[in-house]
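A structural walkthrough
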Amino acid sequence: MTLQRKLALFVVAAALAPLVGVAFAVLRASQDELARRAAGEHAARARAGAVAIAAELAAVDGALGGLAETWRPDRLGEEELRGMLVVLARQVPSANASAIVDGGGSARAVFAGGRGGTERFVEAVRSSREAPDGRLVLSAYDDADGWQLAAVRAVPARDGRRWLVGVRLGPEAARRRLDASVPEGGAAYLLDGARVLLASGGAGPLQPEQRAELAGRLEPARAAVVQGQHVLAAWAPLDDGTGWGVLVAVPAATANAQLVAMRRGVLVASGLVLAAVLAASFLLGRGTVAGLARIEAAARALGGGELAVRLPVSGSDEVAQVSRTFNAMAEELQRARQKLERWNEELHQEVEARTAELRAAQAQLVEAQKLAAIGQLGAGVAHEINNPLTGILGNAQLLLESAAAGQPDRELLESIEKLARRCRDITQNLLRFSEQRADPSFQDLDASRVVRDALSLARGQIEADGVAVETELPAPGPRVRGDAGHLAQVLLNLLSNARTACQGRPGARVRLSVAREGDEVRIVVQDGGKGIAPEHLPRIFEPFFTTKDQWSNVGLGLSVSYRIVSEHGGRISVESRVGEGSTFTVCLPAALPAG
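Note that this is a predicted model, so its numbers are computed, not measured. (Residues numbered from 1 in each chain as written. Predicted model: local features only at pLDDT ≥ 70, side-chain atom pairs only at ≥ 80, totals over all residues. Heavy atoms only, no water.)

The next point concerns the overall build of the protein chain. Along the backbone of the protein chain there are 12 helices and 17 strands. Relative to its 595 residues, the protein chain shows a buried fraction of 37%. Contacts in the protein chain between residues at least 24 apart in sequence constitute 61% of all its contacts with a sequence separation of at least 6. (Helix = DSSP H or I, 4+ residues; strand = E, 2+ residues; numbered from the N terminus. Buried < 20%, exposed > 50% of the residue type's maximum accessible area, 1.4 Å probe, protein only. Contact = heavy atoms within 4.5 Å.)

Printed below as a string of structure tokens:
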């Protein structure tokens, strides 16, 4: 016999011995516990049903006693007695008839409530004449409507005889109480001694001979658990005198169904365990060989560069230990590769970042060189033009003073003066842009006031073109440190551009606002003009670049403005959409508080 078969037999014996020995002992203990719990549950249901029906009858007894004591039927006439029964029917909703019998046995009043005959009911009331005073007497009988219950109470009269007041209770109220006591798969019965008055739970699982077998063993005055040959039941009396009670019963086959299922489960489990042990014994030997084959395949994959390969690890045998060591080696190699890849990526990003910085620095250098070259050119042109231009302007003004109004040449002289002034302004802008000026005269300024002063110079021209001006300038405004004249020049340039952009656009507006945001003061000039094309935005701060339609605009305003804002340690930005307008934002450092 091979070692694998010996191991299989040993495992089978080791597995089945405790299973057979312990399982059946546990099964026997479970059977006893199940029977005990079932008996307790049935007894509790029987007591609950008996208490519920007794409470119903106590309510009827209280209603009868209270009405008889209040009305005194021996002192009432026929109509009053009938009215008494109507009141009684309202106080006892479960009653379907009521009657009053005098001391001579005559029915003085009967109230049927529209249900069936009352002859048998009246006879049941008369038969309770020997009932003791102040105590409810129950009497069950059958009539055309089925089983009925007469509840009667005797009331002493003035002549020494006793009157009887009774109500007829149908099975509905008692059945509702019994329905709450029906166990699963069983039935509940209302008994009068050994006679079954009412059954609940369908037709009931007990045969007549089984009910008789249990009824013969009941003790009317004591609650108990009773068992027959095929029945598990519990009995609870309503009280100590009537002999009535509630019986809850379940067939033994139903009560022991769980136990039978448990036995079958144990047998099935035993078979499954045996099959599993046999299968495990045959697979155990093959498992070691399969584990070694997996290790070989993983080693080949790792040698081929697949560093993500891992071996499944389970247990603590030698195969599992080798698998853990292999996985640790593979993880270390994978971490080393990831570290190298991460270094390469970081190096690549660093190279790209440095390259971007070099490109930005180169662009700034090109811009600075361009501005310097244009500045030198502008300075030379301005100096060469400024002297002759001064003579032209002076001579034109002298000729205007000597020319009388209405002369044909006066209009030409005025045009010459206007154009000369325009040329002078251009040359001054060129000189201002190109000259190496001293540091501006910085002082604490009210940003709102600077904007108002600049707007006062340009508002007339803007509104003359039909463009509305809106402002949002707090008073006092946020403080900035700068040169009021230079900042006013920036604002005038921006307002001039806004005015030109809004010309010919009905309903266009120019809006100015000042606000402090953190450590900066933002001055915003927004217009509803024609906007700037996206391809032109990168060039708008270049000297002599313009998108305006008028030939006189030489494109120095934004260049000068950019230079002034930079001198103040700030920045200027623009957002624009074609057909919607442009928004220029000047950001300047806020002035530090005094002290």
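Residues of helix H12 (residues 557-567) that are buried include every one of Leu558, Ser559, Val560, Ser561, Ile564 and Val565, and no others. Gly569 occupies a position one or two residues after H12 and carries a positive phi of about 75 degrees.

Attention now goes to the environment of Leu491. Within the secondary structure, Leu491 sits in helix H11 (residues 484-502). Given the relative accessible area of 3%, Leu491 is considered buried. For the pair Leu491 and Leu512, spaced 21 residues apart in the sequence, the C-alpha separation amounts to 9.9 Å. In this view, Leu491 contacts Val450, Val451, Ala454, Ile523 and Val525; residues no more than four positions away in its chain are not counted.

Moving on to the sheet that holds strand E14 (residues 509-517). With respect to topology, five strands assemble into an open sheet ordered E12-E14-E15-E17-E16, the strand pairing being mixed. Each edge of the sheet is formed by a strand with only one pairing partner; in this case those strands are strand E12 (468-472) and strand E16 (571-577). Neighbouring strand axes in the sheet, compared pairwise and without regard to direction, differ in orientation by 15 degrees on average. Sheet topology places E14 next to strand E15 (residues 520-527); eight bridges connect them, and they run antiparallel. Within E15, the position partnered with Arg516 by the bridge is Val521. Together, E14, E15, E16 and strand E17 (581-589) form the strand contacts of H11, whose direction differs from that of E15 by roughly 25 degrees. (Pairing = 2+ DSSP bridges. Axes fitted to C-alpha atoms, helices over the stretch in contact; angles between N-to-C directions.)

Another aspect to go through is empty space enclosed by the protein. It is a probe the size of a water molecule, rolled over the atoms, that shows where empty space is left. The final tally for this structure, using the stated rule, is two cavities of 30 Å³ or more. Put simply, the second largest cavity is a space of about 40 Å³. In this structure, the second largest cavity is lined by Val450, Leu487, Val490, Leu491, Ile523, Val586 and Leu588. Among the elements of the structure, H11 and E17 are those that each provide at least two residues to the lining of the second largest cavity. Element by element, the count of residues in the lining of the second largest cavity is highest for H11, at three residues. Per-class residue counts for the lining of the second largest cavity are seven nonpolar, no polar and no charged. (1 Å grid on protein atoms, 1.4 Å probe; cavity = no way out; pocket = protein on both sides within 12 Å on 5 of 7 lines; lining within 4 Å. Points joined across faces, edges and corners; volume = space filled by probe spheres on them. Nonpolar A, V, L, I, M, F, W, Y, C, P; charged D, E, K, R; others polar.)

Our next topic: the pattern of salt bridges. Overall, the coordinates contain 16 salt bridges when judged by the stated rule. Arg563 is the salt-bridge partner of Glu567, the closest N and O atoms lying 3.8 Å from each other. One end of the pair, Glu567, and the other, Arg563, are both in helix H12, four residues apart, so they sit about a helical turn from each other. For Glu567, a relative accessible area of 31% gives the class partly exposed. Overall, the relative accessible area of 24% leaves Arg563 in the partly exposed class. Glu580 is the partner of Arg577 in a salt bridge, and the nearest nitrogen-oxygen pair spans 4.0 Å. Here the salt bridges do not stand alone but share partners, grouping Glu517, Glu520, Arg522 and Arg571 into one network. (Salt bridge = Lys/Arg side-chain N within 4 Å of Asp/Glu carboxyl O.)

We now examine the nonpolar core. Membership of the largest hydrophobic core comes to 40 residues, with the highest contact counts inside it found for Leu494, Leu495, Val510, Leu512 and Val586. Looking at this core, the elements that each hand over two or more residues are helix H10 (447-464), H11, E14, E15, H12 and E17. If you tally residues by element for this core, the top one is H11, at eight residues. Beyond its immediate stretch of four places on either side in the chain, Leu495 contacts Ala454, Leu455, Ala458, Ile462, Val510, Leu512 and Val525. The next biggest cluster of nonpolar side chains, apart from the first, holds 33 residues, and it includes Met84, Leu88, Val165 and Trp244. (Core = buried A, V, L, I, M, F, W, Y, C linked by side-chain atoms within 4.5 Å.)

Our focus in this paragraph is the packing of H10 against H11. Packing of H10 against H11 brings their axes to within 9 Å, and their N-to-C directions diverge by 35 degrees. H10 and H11 meet at a crossing whose hand is right-handed. Contacts between H10 and H11 pair Val450, Val451, Ala454, Leu455, Leu457, Ala458, Gln461 and Ile462 from the former with Ala484, Leu487, Ala488, Leu491, Leu492, Leu495 and Arg499 from the latter. (Left-handed = near helix turned anticlockwise from the far one by under 90°.)

Next up on the list: the packing of aromatic side chains. Summed over the entire model, instances satisfying the criterion amount to one aromatic pair. An angle of 45 degrees between the planes, with centres 5.2 Å apart, marks the rings of Phe541 and Tyr562 as tilted. With Phe541 in the loop between E15 and H12 and Tyr562 in helix H12, this pair connects stretches of sequence that are 21 residues apart. When its relative accessible area of 17% is taken as the criterion, Phe541 is described as buried. Residue Tyr562 is classed as partly exposed on the basis of its relative accessible area, which comes to 40%. (Phe/Tyr/Trp six-rings, centres within 6.5 Å; stacked < 30°, edge-to-face > 60°.)

For E16 and E17, the ladder comprises seven bridges, and the chain directions are antiparallel. Its bridge partner being in E17, Arg577 is matched across the sheet by Gly581. Hairpin remark: E16 followed by E17, antiparallel, with three residues in the connecting loop; positive phi at Gly579, about 85 degrees.

As for its placement among the helices and strands, Gly186 is situated in the loop between helix H4 (171-179) and strand E6 (187-192). Residue classification places Gly186 among the buried residues on the basis of a relative accessible area of 7%. Taking C-alpha positions, Gly186 is 6.8 Å from Pro251, a pair spaced 65 residues apart along the chain.

On the surface, a nonpolar cluster with roughly 250 Å² of combined accessible area is contributed by Leu377, Val381 and Ile385. Assignment of secondary structure puts Val381 in helix H8 (residues 318-402). (Patch = residues over 30% accessible without salt bridge, like charges linked within 9 Å, V, L, I, M, F, W, Y side chains within 5 Å. Areas by Shrake-Rupley, 256 points an atom, 1.4 Å probe, with all protein chains shown as cover.)

Given a rise of 1.5 Å per residue, 18 residues ought to cover 26 Å, and the 26 Å separating the end C-alpha atoms of H10 matches this to within 8%. In H10, a bend of some 50 degrees at Ala458 exceeds every other bend along the element. Listing the buried residues of H10 in full gives Ala447, Ser448, Val450, Val451, Ala454, Leu455, Ala458 and Ile462. For H10, the elements touching its buried residues are strand E11 (443-446), E12, strand E13 (479-482), H11, E14 and E15. One side-chain oxygen at the N-terminal end of H10 lies 2.9 Å from the backbone nitrogen of Ser448; it belongs to Asp446. (Expected span 1.5 Å × (residues − 1). Bend = angle between axes of the 7 residues up to and from the residue. Polar contact = N/O pair within 3.5 Å; in protein donor to acceptor, adjacent residues only side chain to side chain.)

Close contact between H11 and H12 brings their axes to 9 Å; oriented N to C, the two are set at 145 degrees. Note that H11 runs across H12; the crossing there is left-handed. Together, His486, Leu487, Gln489, Val490, Asn493, Leu494 and Asn497 of H11 and Gly557, Leu558, Val560, Ser561, Ile564, Val565 and Glu567 of H12 make up the contact between the two elements. By residue class, the composition of the contact of H11 with H12 is seven nonpolar, six polar and one charged.

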